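Examining the three-dimensional arrangement
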Amino acid sequence: MKETNDYNMMSGAFIFDALDRAALDYIRKESGLDAVIVTQYANVEFQRQLCDATFRVECSNFQQVFKSFHCQATMRD
């Protein structure tokens, strides 16, 4: 996967991948599970373009509903 798109901005796929990986790590830590966890649903809202690979991802609002886990991942540059 390319990190940047044709306009030299970070691609949406790259952004989603970074958010998804951070969320899965956060859920594993919060739930105490050492199992395979996969993403069933994601809603990504782009506030503005990301032009640099220098960013941090913050996860919060962990919830467990039966066998489903939910959290919010926010990318900040």
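Remember, it's a predicted structure, so these values are computed and weren't measured experimentally.

With respect to the element layout, G12 can be found in helix 1 (residues 12-31). Taking the C-alpha atoms as reference points, G12 and V44, 32 residues apart in sequence, are found 9.2 Å from one another.

Time to look at helix 1. Given a rise of 1.5 Å per residue, 20 residues ought to cover 28 Å, and the 28 Å separating the end C-alpha atoms of helix 1 matches this to within 8%. Listing the buried residues of helix 1 in full gives F14, I15, A18, L19, D20, A23, L24, Y26 and I27. Residues of helix 1 that are buried make contact with strand 1 (56-65) and strand 2 (68-76). Of the residues one or two after helix 1, G32 is the one with positive phi, at around 75°.

Let us now look at the pattern of salt bridges. Taken as a whole and judged by the stated rule, the model has five salt bridges. When the shortest N-O distance is used, the salt bridge between R28 and D25 registers 3.4 Å. Of this pair, R28 and D25 both sit in helix 1, three residues apart, which is roughly one turn of that helix. On the accessibility criterion, D25 (48% relative accessible area) is partly exposed. Note that R56 is salt-bridged to E58, the shortest N-O span being 2.8 Å.

In this sheet, strand 2 lies alongside strand 1 in antiparallel orientation, the contact comprising eight bridges. If you follow S60 over to strand 2, its bridge partner there is Q72. What sits between strand 1 and strand 2 in their antiparallel hairpin is a turn of two residues, with F66 showing a positive phi close to 55°.

Taken as a whole, this structure holds three aromatic pairs when the rule is applied. With 6.0 Å between their ring centres and 80° between their planes, F14 and F55 make a pair best called edge-to-face. In this pair, F14 is assigned in helix 1 and F55 in the loop between helix 1 and strand 1, connecting sequence segments 41 residues apart. Exposure remark for F14: the relative accessible area of 15% places this residue in the buried category. Arranged with centres 6.0 Å apart and planes meeting at 25°, the rings of F62 and F69 form a pair that is stacked.

Quick notes on the rules
Residues numbered from 1 in each chain as written. Predicted model: local features only at pLDDT ≥ 70, side-chain atom pairs only at ≥ 80, totals over all residues. Heavy atoms only, no water. Helix = DSSP H or I, 4+ residues; strand = E, 2+ residues; numbered from the N terminus. Expected span 1.5 Å × (residues − 1). Buried < 20%, exposed > 50% of the residue type's maximum accessible area, 1.4 Å probe, protein only. Contact = heavy atoms within 4.5 Å. Salt bridge = Lys/Arg side-chain N within 4 Å of Asp/Glu carboxyl O. Pairing = 2+ DSSP bridges. Phe/Tyr/Trp six-rings, centres within 6.5 Å; stacked < 30°, edge-to-face > 60°.

Any functional reading would require information beyond the geometric quantities listed.
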